[in-house]
Amino acid sequence: MLPMPVRMFGLLSLAFCSTLLWAQSTQQPSLQQAYASNFLIGAALNSPQILEKNPVEAALIRKEFNAYTPENAMKSVNIHPAWDRYNFAMADSLVSLGLRQKKQVNGHTLIWHNQLSAFAQQIKDIDSFKTFFRDHITTIAQRYDGKIHSWDVVNEALEEDGSMRKSIFLEKLGPDYVTEAFRLAAKATPQSELYYNDYNIEQPAKRQGCIRLIKSIQDAGVKIDGVGIQGHWHLGRVPLKAIEESILAFHALGLKVMITELDIEVLPRNFTGADPSKRMTADASTNPYTQGLPPEQLSQQAADYAALFKLLLKHRDKVTRVTFWGVHDGQSWLNNWPIRGRTNHPLLFDRSLAPKPAYQAIIDLRP
Ligand code: XIL
């Protein structure tokens, strides 16, 4: 028989341990905790979120996500509004938020034909355009070297058939501009990982174009670390087979793969992808869920997200990050594209920041 104080201590510590275990088993992990041993879970942040304007939302973002992408703050139109003027304030705020909270920050994006500053669009002279291209990449990438993890160096350089997009960059600089952008970025920010980012590159023809593009960068001896599949998909139509084929194909080139702009929208759309220049006209049928998403669609969305995450978990050795394009439905860009002023419901949190069934479905999948 053990002496009384020892027995008491034993009983007490047993009680303490079982209380702790109970507390742990009833405590739900956050998204980032649930996936901690698999891949990062990120979100694109808009300016009020970067500035932590809403404390409840700020706490939710900090709890659920471990990677941040600026939704608009680092795009040319905002960060480089005039030839000799940069506006780093919001981008700096995001970078310091990331450093403070130990979150991985991904820069989005150095070279993109959309949201390109008006002054850049108006440059006529080829040499001046070359100077803009070099200075833009170098100035921004150098500023954040060692402070941010990675850059979407080039965004959306491909057409749907896999050929080079007929953008201002192709027109002024020729097809090697993508390799040149990576070369300049690698020089300016040797500590960052460098990615190519695009939508629909899960689809076979565009995937082939993407593979050609990546190989041309690699063949030139220029560094590229990963490829981001944007992931703007539609309820009931997530192309799982094509996504898997692309993950395997990009990984076979020695690259990390990310889903960088994930949302599963629920509203009618007559085309796929995410080309901001494409619009649709509104009619009586194009905005059906202004009063909230009905249970049937909520369950379908949960099933879609679960199937996608099951696939991503299968390839956790290749997929390094999954970033949602926004935190909650109320802020999603899909409320205003391809039709302005609709009520879309593509994300894991609703307009009151409550988790939707899709959130639970993703958490429940964790290994
Ligand atoms: C979107 C933003 O979410 C909107 O706020 C902005 O008005 C337009 O751009 N592909 C991309 C993202 O790479 O940068 C886009 O973001 C969505 C499509």
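Residues numbered from 1 in each chain as written. Predicted model: local features only at pLDDT ≥ 70, side-chain atom pairs only at ≥ 80, totals over all residues. Heavy atoms only, no water.

Enquirer: Please explain unusual backbone geometry as it appears in this structure.
Expert: What you tend to see is this: most non-glycine residues have negative phi, and most peptide bonds are trans. The linkage connecting H108 with the following residue, T109, adopts the cis geometry, with an omega of 0 degrees. Topologically, T109 is positioned in strand β3 (residues 104–111). Each neighbour pair has its own omega, and for W337 with P338 the value is 0 degrees, a cis peptide bond. Residue placement: P338 occurs in the loop between β9 (319–324) and α14 (357–364). Residue Q115 is not a glycine yet carries a positive backbone phi of 50 degrees. (Helix = DSSP H or I, 4+ residues; strand = E, 2+ residues; numbered from the N terminus.)

Enquirer: What exactly am I supposed to notice about the packing of helix α12 (residues 240–252) against helix α13 (residues 295–314) here?
Expert: Any two packed helices are characterised by the angle at which their axes cross and by the distance between the axes. Relative to each other, α12 and α13 sit at 20 degrees, their axes nearing to 11 Å. Relative to α13, the element α12 is oriented roughly parallel. By crossing handedness, the relation of α12 to α13 is classed as right-handed. Note on element contacts: α13 touches α12 through A307, L308, L311, L312 and K314, opposite L240, I243, E244 and I247. (Axes fitted to C-alpha atoms, helices over the stretch in contact; angles between N-to-C directions. Parallel < 35°, antiparallel > 145°, perpendicular 65-115°, else oblique. Left-handed = near helix turned anticlockwise from the far one by under 90°. Contact = heavy atoms within 4.5 Å.)

Enquirer: Explain the environment of L235 to me, please; I cannot follow it from the model alone.
Expert: Structurally, L235 can be placed in the loop between β7 (232–234) and α12. The class of L235 is buried, set by a relative accessible area of 15%. On a C-alpha basis, the gap between L235 and Q300 in space is 7.1 Å, while along the polypeptide they are 65 residues apart. (Buried < 20%, exposed > 50% of the residue type's maximum accessible area, 1.4 Å probe, protein only.)

Enquirer: I'm lost on the side chain of E265 in this one. Help?
Expert: Along the chain, E265 turns up in strand β8 (residues 256–265). For E265, a relative accessible area of 0% puts it in the buried group. Side-chain polar atoms of E265 contact the side chain of R269, separated by 2.4 Å. If sequence neighbours within four positions are ignored, E265 has contacts with W233, H234, L235, L334, R342, N344 and P346. (Polar contact = N/O pair within 3.5 Å; in protein donor to acceptor, adjacent residues only side chain to side chain.)

Enquirer: What is the right way to read the pattern of salt bridges from this model?
Expert: Side chains bearing opposite charge may pair, as long as their charged atoms lie close to each other. On inspection of all chains with the given rule, the structure shows 18 salt bridges. The partner of D225 in a salt bridge is K223, with the nearest N and O atoms 3.2 Å apart. Residue classification places K223 among the partly exposed residues on the basis of a relative accessible area of 32%. Here the residues in one salt-bridge network are E160, D198 and K206, joined through shared partners. (Salt bridge = Lys/Arg side-chain N within 4 Å of Asp/Glu carboxyl O.)

Enquirer: I would appreciate a short explanation of the packing of helix α8 (residues 126–143) against helix α10 (residues 177–188) in the present structure.
Expert: In contact at an axis separation of 8 Å, α8 and α10 are set at 35 degrees when each is read in the N-to-C sense. Helix-helix and strand crossings are classified by hand; for α8 and α10 the assignment is right-handed. Judged by residue contacts, F133, R134, I137, T138, A141 and Q142 of α8 engage Y177, E180, A181, L184, A185 and A188 from α10. Here the residues of the contact of α8 with α10 are counted per class, giving 8 nonpolar, 2 polar and 2 charged. (Nonpolar A, V, L, I, M, F, W, Y, C, P; charged D, E, K, R; others polar.)

Enquirer: Help me understand the pairing of β9, please; the structure alone is not making it clear to me.
Expert: Side-chain direction in a regular strand flips from residue to residue, so the side chains alternate between the two faces of the sheet. Burial analysis of β9 places 5 of its 6 residues in the buried class, which makes it a mostly covered element. Both strand β1 (residues 40–45) and β9 contribute to a ladder of 4 bridges, which runs parallel. Looking at β9, one finds that G42 is bridged to T323. Both β8 and β9 contribute to a ladder of 4 bridges, which runs parallel. (Pairing = 2+ DSSP bridges.)

Enquirer: Got a minute to help me understand the pairing of β8 in this structure?
Expert: Counting buried positions along β8 gives 9 out of 10 residues, so the element sits mostly inside the fold. Strand direction decides the pairing type here: strand β6 (residues 226–229) and β8, joined by 4 bridges, are parallel. Pairing of I229 across the sheet is with I259, part of β8. Where β7 lies against β8, 3 bridges are found, and the strand directions are parallel. Following the sheet pairing, W233 is matched in β8 by I264. In this fold, the crossover linking β8 to β9 by way of α13 has right-handed handedness. (Right-handed = clockwise from strand over helix to strand, strands pointing away.)

Don't take any of this as a statement about function, it's just geometry.
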